[in-house]
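Spelled out from the first residue to the last, the chains are:
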Amino acid sequence: MPATDDPDRTPAEPARPGPSGNEATPEQVDAEFARIVAGFDTPLTSRTWPAGEEPTAGPTAPAGPVMPAAGPILNRALSGDPRSVSPGDPSLLDSLDSFGGGLPDDTPEEFVPPPPPPLPRVPFAAIVAVLSIVFGFVLFFDTRLLPFNDRVSMLFALVCILGGATALIMRLRPGDEDNDLPPDDGAVV
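Residues numbered from 1 in each chain as written. Predicted model: local features only at pLDDT ≥ 70, side-chain atom pairs only at ≥ 80, totals over all residues. Heavy atoms only, no water.

1. Details of the overall build of the protein chain
The condition is simple: Runs of E in the DSSP output that reach at least two residues are strands. Runs of H or I that reach at least four are helices, and both are numbered from the N terminus. Exposed residues in this analysis have more than 50% of their type's maximum accessible area, buried residues have under 20%, and partly exposed residues fall in between, with area computed by a 1.4 Å probe over protein chains only. In what follows, a contact means two residues having at least one pair of non-hydrogen atoms within 4.5 Å. Where accessible areas are quoted, they stem from the Shrake-Rupley method and a 1.4 Å probe; at the residue level, only the protein chains shown are allowed to cover.
Scanning the protein chain for helices and strands turns up 4 helices and 0 strands. Classification of the 189 residues of the protein chain by burial places 10% in the buried group. Partitioning the contacts of the protein chain with sequence separation of at least 6, the portion at a separation of at least 24 is 29%. Element-wise, carbon and sulfur atoms account for 63% of the exposed surface of the protein chain, whose accessible area totals about 16900 Å².

Here is the structure:
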């Protein structure tokens, strides 16, 4: 049962006007809405605008840009002037499709990378330091390689390992002057 503003009215009664006489009741609004919705399904057979608003017969040529089937042509009139549109004129889309068509073809050549730089030479001191570390580890695990006492061989192995590591560390270059961090000046924009 639909809600009503008037509790004394039964659903079978016709809708009464509102207190001022000009207001529609919710049932009237619902009925008008149902009529409008039902009108959406019916096809229009005649014009629905008033006779005073009938479109007037104007010029056959449009006043603005002409849009032919091939695409837009900018601001050309369909009159007898020499700038008028003819079927052979290219449209704006045709012009965009052929944009740059008259330019010479620049076929890019195949990229040939430059030869890689030569590998740096390994210094003799670095080779000796690495061999010292390797020999120290081998001697550490097999102390009978040298004709010395086991304790002396173990000490010699430890000296080879530490000496080779120290030689490699000493060969490290200090950072360049460019790698130094600037003094902290705070947020600089």
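What follows continues from the structure just given.
2. A closer look at the environment of Phe140
Along the chain, Phe140 falls in helix α3 (residues 124–141). With relative accessibility at 36%, the residue Phe140 sits in the partly exposed group. Those residues in contact with Phe140 that sit more than four places away from it in its chain are Met154 and Ala157.

3. Some details on the pattern of salt bridges
Threshold: The working definition used for a salt bridge is a side-chain nitrogen of Lys or Arg within 4 Å of a carboxyl oxygen of Asp or Glu.
Taken as a whole and assessed by the stated rule, the structure comprises 2 salt bridges. In this structure, the salt-bridge partner of Arg35 is Glu32, at a minimum N-O distance of 2.4 Å. Of this pair, Arg35 and Glu32 both sit in helix α1 (residues 26–39), 3 residues apart, which is roughly one turn of the helix. The residue Asp142 makes a salt bridge to Arg144 at a minimum N-O spacing of 3.9 Å. Accessibility expressed as a relative area gives 30% for Asp142, which makes it partly exposed.

4. Structural notes on a nonpolar patch on the surface
How we decide: Patches draw on residues past 30% relative accessible area with no salt bridge. Two like charges within 9 Å are joined, as are two nonpolar side chains (Val, Leu, Ile, Met, Phe, Trp, Tyr) within 5 Å.
Residues Phe33, Ile36, Val37 and Phe40 make up a contiguous nonpolar surface patch of roughly 430 Å² in combined accessible area. Locating Val37 in the fold gives a position in helix α1. Residue classification places Val37 among the partly exposed positions, given a relative accessible area of 37%.

5. Some remarks on the packing of aromatic side chains
Threshold: Pairing of aromatic side chains requires ring centres within 6.5 Å, counting the rings of Phe and Tyr and the six-membered ring of Trp. Pairs whose planes differ by under 30 degrees are stacked, by over 60 edge-to-face, and all others tilted.
All chains considered together, the criterion is met by 2 aromatic pairs. Pairing Phe135 with Phe156 gives two aromatic rings, centres 6.3 Å apart and planes at 75°, and the pair type is edge-to-face. A residue pair is termed long-range when its members are at least 10 positions apart, and Phe135 in helix α3 and Phe156 in helix α4 (residues 150–171) qualify at 21 residues. A relative accessible area of 34% places Phe135 in the partly exposed class.

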